[in-house]
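Observations on the model geometry
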Amino acid sequence: MPDVIEIGGRPIGDGYPTYIIAEIGINHNGDLEIAKKLIDAAVLAGCDAVKFQKRTPELCVPPGQWDILRETPWGCLPYIEYKKRIEFDPEEYKEIDRYCSEKGIAWFASCWDEPSVDFIEQFNPACYKIASASLTDDDLLQHIDETGRPMILSTGMSTMDEIRHAVSLLDNDRLLISHCTSTYPCKPEELNLRMIQTLKQEFNCPIGYSGHEVGLQTTLASTVLGACFVERHITLDRAMWGSDHAASVEPGGLMRLVRDIRVIEAAMGDGVKRVYESEVPGINKLRKK
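This report concerns the structure included in the present document. (Residues numbered from 1 in each chain as written. Predicted model: local features only at pLDDT ≥ 70, side-chain atom pairs only at ≥ 80, totals over all residues. Heavy atoms only, no water.)

**What about the pairing of strand β5 (residues 69-72)?**
- Pairing analysis gives four bridges linking β5 to strand β6 (residues 75-78), with the strands arranged antiparallel. If you follow Glu 71 over to β6, its bridge partner there is Cys 76.
- Hairpin geometry of β5 and β6 is characterised by an intervening segment of two residues between the two adjacent antiparallel strands. (Pairing = 2+ DSSP bridges. Helix = DSSP H or I, 4+ residues; strand = E, 2+ residues; numbered from the N terminus.)

Right under this line is the structure:
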């Protein structure tokens, strides 16, 4: 496995700036204008990419859940109809592709089924994200691998043996792995950030962090522990209707997150002890001759 992989022309690996992904996911609630506002927030904050989720509801929703009624902004709908409502159609994705190009930000998607991969392929995505829920879907993993694009494998709700098996199915020269705990929102004591170091020791590829916690502190800590890329869900308002908003970061928080990651990068240094020029006046003033 290479320890540096490029996504959209950006090298990702130890020693390079943290690649910051703003996950829009389904927080657009099926509204293209909300999606554009979230893209704008990611651009303003200085993120490297935005990520969506793409599903074919008939394939991804278990048949036993299709007719379960759910309260939605469009009224009380069968679950399958709700899932269809929040999927963008081809013309809306064309506009997302155009808008991201205009704003100068990369975009890609987590595809939850094989037809969704084929659909997203037409937009020449920078990479693919394999969602934690899909880590054990061998057919989907192999289908994504066949695109020849970089792949980010998320490891939530998975055992180490399951992770090893998934890695064995993928071209390791194009693989990045993301530590994740798939709870929304996730309690700090279940984040297990030291897993970043465990994954770095076992897999010689870029290791990152996908967080679903409330707050920014622990995401910042992930970069100190060696995460080469980070991903957080973003929202216009954490009180908005929808399943992922409560575990998401609002625009102001996203700006602080990117700012503080860049400060941490500057502060980490190279581990070589040296005396800085700024310290010389202190030596002359404070040390006994």
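And the narrative resumes.
**Some details on the nonpolar core**
- Among the nonpolar cores identified, the biggest contains 62 residues, and Cys 47, Val 50, Phe 52, Tyr 93, Trp 107 and Leu 254 are the most heavily contacted of them.
- Examining the composition of this core, we find that seven residues originate from one element, helix α1 (residues 32-45), more than from any other.
- Those residues within four positions of Cys 47 in sequence are excluded, and the remaining contacts are Ile 20, Ala 22, Ala 42, Ile 105, Leu 254 and Val 258.
- In this structure, Ile 5, Ala 126, Leu 176 and Cys 228 belong to the second largest nonpolar core, which totals 13 residues. (Core = buried A, V, L, I, M, F, W, Y, C linked by side-chain atoms within 4.5 Å. Buried < 20%, exposed > 50% of the residue type's maximum accessible area, 1.4 Å probe, protein only. Contact = heavy atoms within 4.5 Å.)

**Some thoughts on the pattern of salt bridges**
- The final tally for this structure, using the stated rule, is 24 salt bridges.
- Among the salt bridges present, the one from Lys 51 reaches Glu 231, with a minimum N-O distance of 4.0 Å. With Lys 51 in strand β4 (residues 49-54) and Glu 231 in strand β12 (residues 229-233), the pair connects residues that are 180 residues apart, well separated along the chain. Grouping residues by exposure puts Lys 51 and Glu 231 together as buried.
- For Arg 164, the salt bridge identified is with Glu 202, shortest N-O distance 2.5 Å. With a gap of 38 residues between them, Arg 164 in helix α7 (residues 160-169) and Glu 202 in helix α8 (residues 195-202) connect regions that are remote in the sequence.
- What you see here is one network of salt bridges that share partners, running through Arg 10, Asp 48, Arg 262 and Glu 265. (Salt bridge = Lys/Arg side-chain N within 4 Å of Asp/Glu carboxyl O.)

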